[in-house]
Amino acid sequence: MNLDYSETAVLIPIEDRKNGKKRIHEAPKLKGKKYEQELRKLQTKLVEMQEWVKSTGAKIVIVFEGRDAAGKGGVIHRIMERVSPRVFRHIALPAPTEREKSQLYAQRYIKEMPAAGEVVLFDRSWYNRGLVEHVMGFCTNNQYESFLRMCPPFEALLRNNGIILIKYWFEVSEQEQHKRFLRRIEDPMRQWKLSPMDLESHRRWYDYSRARDAMFAGTDTPESPWYVVQSDDKRRARLNCINHLLSVVPWKQISHSKVTLPKRQKPNGYEPLDWSYRFIPERY
């Protein structure tokens, strides 16, 4: 499995760690038919990977982080679309309760960790403390600094207990995020996505940039690296991210015996019930 869309992906302006330069590449728009064809191939591979997870008892955690409107939800939706919710679980925790605030910080996330044969997708995760909570002042400086020190050993604990941990950061440009927020304001079907916190994150662009940089500096380790998804082009971001996920999980195709559909039983005297069924109106 080696579908690669990176050569034609739109690369947003992002600083290269090696030379400090900005790199920008343009690409033609990915047509809907081609996108759907490639997405179907990748989703088929996800179903095959699912069989490996069930067969081997693998435990996988995938963290999705990024700025608001960066496209995390769209990728998660495409991953979850064709797989079993009994194997793949999507976790998007609300704000902590007063009781949870008094617990160990990682406690509410630990209880969501996978058992054997499960994949957990965190739509935002324990990194809330290093991003939203820090930028918005919901935690103290001591809590924030303690969090950055805690992350590497916490993630080592997950790995030492057999969990495959994969972390994605969705990088959206300032201009593209601005456009997406405007679309949310104008489109009634997207307005539910726009919260007061989103509006504040739009204002605090550079505060979030500083928090992201500090997060990378403290938690981007060889053992638990951050993989950056260029997300200005949503379609390419979805394909690239799913393709990469399939490449970093060490799964193998599981062989199955051929399935034969059994014949239906005989009616043995069954007669349909004479019942006045309440059919819904057929307006379409």
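Residues numbered from 1 in each chain as written. Predicted model: local features only at pLDDT ≥ 70, side-chain atom pairs only at ≥ 80, totals over all residues. Heavy atoms only, no water.

Observations regarding helix α1 (residues 32-56)
Moving on, step 1. Its 25 residues place the ends of α1 36 Å apart at the C-alpha level, agreeing with the 36 Å of an ideal helix rising 1.5 Å per residue.
Moving on, step 2. Restricting attention to buried positions, one finds in α1 the residues Y35, E38, L39, L42, Q43, L46, E48, M49, Q50, W52 and V53.
Moving on, step 3. Looking at the packing, one finds that the buried side of α1 touches β3 (59-66), α2 (72-80), β4 (88-91), β5 (118-123), β6 (163-171) and α10 (234-248).
Moving on, step 4. A positive phi of about 75° marks G57, the residue just after α1. (Helix = DSSP H or I, 4+ residues; strand = E, 2+ residues; numbered from the N terminus. Expected span 1.5 Å × (residues − 1). Buried < 20%, exposed > 50% of the residue type's maximum accessible area, 1.4 Å probe, protein only. Contact = heavy atoms within 4.5 Å.)

Observations concerning α10
Side chains three or four residues apart in an α-helix point the same way, a direct result of the helix having 3.6 residues per turn.
Moving on, step 1. The end-to-end C-alpha distance of α10, which contains 15 residues, comes to 21 Å, matching closely the 21 Å that a straight helix rising 1.5 Å per residue would cover.
Moving on, step 2. Burial in α10 covers these residues: R236, A237, R238, L239, N240, C241, I242, N243, L245 and L246.
Moving on, step 3. Residues of α10 that are buried sit in contact with α1, β3, α2, β6 and β7 (226-230).
Moving on, step 4. Between the side-chain oxygen of the N-cap and the backbone nitrogen of R235 there are 3.2 Å, and the N-cap of α10 in question is D233. (Polar contact = N/O pair within 3.5 Å; in protein donor to acceptor, adjacent residues only side chain to side chain.)

Brief notes about the packing of α2 against α10
Two measures define how a pair of helices packs: the angle their axes make with one another and the distance between the axes.
Moving on, step 1. Contact geometry of α2 with α10 gives a least axis separation of 9 Å together with a crossing angle of 55°. Judged by the angle between their axes, α2 and α10 are oblique. Seen from above, α2 lies across α10 with right-handed handedness. Listed contacts from α10 to G74, V75, R78 and I79 of α2 are A237, R238, C241, I242 and L245.
Moving on, step 2. Each residue belonging to the contact of α2 with α10 can be placed in one class, and the counts come to 6 nonpolar, 1 polar and 2 charged. (Axes fitted to C-alpha atoms, helices over the stretch in contact; angles between N-to-C directions. Parallel < 35°, antiparallel > 145°, perpendicular 65-115°, else oblique. Left-handed = near helix turned anticlockwise from the far one by under 90°. Nonpolar A, V, L, I, M, F, W, Y, C, P; charged D, E, K, R; others polar.)

What to know about the pairing of β5
Moving on, step 1. For β5, the buried fraction is high: 5 of the 6 residues fall into the buried class.
Moving on, step 2. Here 6 bridges tie β3 to β5, and the two strands are oriented parallel to one another. Residue pairing for β5: I60 is matched across the bridge by V119.
Moving on, step 3. Pairing analysis gives 4 bridges linking β4 to β5, with the strands arranged parallel. Of the residues in β5, the one forming a bridge with R89 is V120. (Pairing = 2+ DSSP bridges.)

It is worth stressing that arrangement in space is one thing and function is another; only the former is reported here.
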